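In case you want the letters, here they are:
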Amino acid sequence: MSEWPLVTFTLLVQSSVGITIFTALYFCWLEKEIGNQRATRTLRPVLLTSAILGCLGLLASTLHMGYPWNAFHALRHISSSWLSREVIFAALYLGALCLYTLLVLIKGHMNKTLLAIIGLLGLVDIFCMASLYYSTSMITWMHVNTYFMFIGSVFSAGAVITLLITS
């Protein structure tokens, strides 16, 4: 099956977005309980895992392309193409997540507002990803369940991986 890189990209980015959202939620609670420094120290590995999974997903997506150097052509039709929107928001999400993770590793404290904004960027990317599948000629994907499955994957994978790392 030549679609494995695409499946890998989809699942890794969905997991990354879910981990980011659950990290933001868990940080809000944990910061009140034990303070910013200790909460950051506790959640740093989770945030790093989210960034690594997102980068691995991006790497997997390049394996799906026939000629990766022509990837910039995917950005040409942002007003009409869900693929263009997905590429833009994936780049925004992963860029913001990696920069924020680097900042947290260097400075040693987290900001719940920035983390929530990055999580929202990820959700927009997942919506674009689901819309891309919804707009295909595959009859089984042309249903509202496609959106529920993508969002469900974000929250289930994100919750499980976040709990595995923090426990």
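Fair warning: this is a prediction, and the values are worked out from it, not measured in the lab.

Caption draft 1: The arrangement of the side chain of Thr101 in detail. Tracing the backbone shows Thr101 in helix α3 (residues 82-107). Given the relative accessible area of 3%, Thr101 is considered buried. Dropping the residues within four chain positions of it, Thr101 is found in contact with Leu47, Leu48 and Ala51.

Caption draft 2: Region of interest: the environment of Trp82. Residue position: Trp82 is located in helix α3. Accessibility expressed as a relative area gives 25% for Trp82, which makes it partly exposed. Once the C-alpha coordinates of Trp82 and Tyr134 are considered, the two residues, 52 residues apart in sequence, prove to be 9.8 Å apart. Excluding residues within four positions of it along the chain, Trp82 makes contact with Phe127, Cys128, Ser131, Leu132 and Ser135.

Caption draft 3: Broad picture of the packing of helix α1 (residues 4-34) against helix α5 (residues 145-166). Between α1 and α5, the least distance of the axes is 7 Å, while the angle of their chain directions is 60 degrees. When the axes of α1 and α5 are compared, the pair comes out oblique. The element α1 and its partner α5 pack so that their crossing is right-handed. Of the residues in α5, those touching α1 at Thr10, Leu11, Gln14, Ser15, Val17, Gly18, Ile19, Ile21, Phe22 and Tyr26 are Phe150, Ser153, Val154, Phe155, Ala157, Gly158, Ala159, Ile161, Thr162 and Thr166. Among the residues making up the contact of α1 with α5, the classes are represented as 12 nonpolar, 8 polar and no charged.

Caption draft 4: Inspection of α3 at higher detail. Between the first and last C-alpha of α3 there are 37 Å, a value that for 26 residues agrees with the 38 Å anticipated at 1.5 Å per step. Within α3 the residues assigned to the buried category are Ser84, Arg85, Glu86, Ala90, Tyr93, Leu94, Leu97, Tyr100, Thr101 and Val104. Gly108 occupies a position one or two residues after α3 and carries a positive phi of about 85 degrees.

Caption draft 5: View of the pattern of salt bridges. In total, this model carries 1 salt bridge according to the counting rule given. Ionic pairing is found between Lys112 and Glu31, a salt bridge with its closest N-O pair at 3.2 Å. Here Lys112, found in helix α4 (residues 112-134), pairs with Glu31, found in helix α1; they are 81 residues apart in sequence, far enough to count as distant.

Caption draft 6: Quick peek at the confidence of the model for the protein. Summing up the model confidence of the protein, the mean pLDDT is 86 and the portion of residues at 70 or higher is 86%. No element of the protein has a lower mean pLDDT than helix α2 (residues 36-64), which averages 89, and none a higher one than α4, which averages 92.

Caption draft 7: Just the packing of aromatic side chains, in detail. Tallied over the full model, the rule gives 5 aromatic pairs. With a centroid separation of 6.1 Å and an interplanar angle of 85 degrees, the aromatic rings of Phe22 and Phe155 are classed as edge-to-face. Taken together, the positions of Phe22 in helix α1 and Phe155 in helix α5 put the pair 133 residues apart, joining distant regions of the chain. Assessed through its relative accessible area of 32%, Phe155 is described here as partly exposed. Joined through ring pairs, the aromatic side chains of Phe127, Tyr134 and Tyr147 make up one cluster.

Calculation criteria
- Residues numbered from 1 in each chain as written.
- Predicted model: local features only at pLDDT ≥ 70, side-chain atom pairs only at ≥ 80, totals over all residues.
- Heavy atoms only, no water.
- Helix = DSSP H or I, 4+ residues; strand = E, 2+ residues; numbered from the N terminus.
- Buried < 20%, exposed > 50% of the residue type's maximum accessible area, 1.4 Å probe, protein only.
- Contact = heavy atoms within 4.5 Å.
- Axes fitted to C-alpha atoms, helices over the stretch in contact; angles between N-to-C directions.
- Parallel < 35°, antiparallel > 145°, perpendicular 65-115°, else oblique.
- Left-handed = near helix turned anticlockwise from the far one by under 90°.
- Nonpolar A, V, L, I, M, F, W, Y, C, P; charged D, E, K, R; others polar.
- Expected span 1.5 Å × (residues − 1).
- Salt bridge = Lys/Arg side-chain N within 4 Å of Asp/Glu carboxyl O.
- pLDDT = per-residue confidence, 0-100.
- Phe/Tyr/Trp six-rings, centres within 6.5 Å; stacked < 30°, edge-to-face > 60°.

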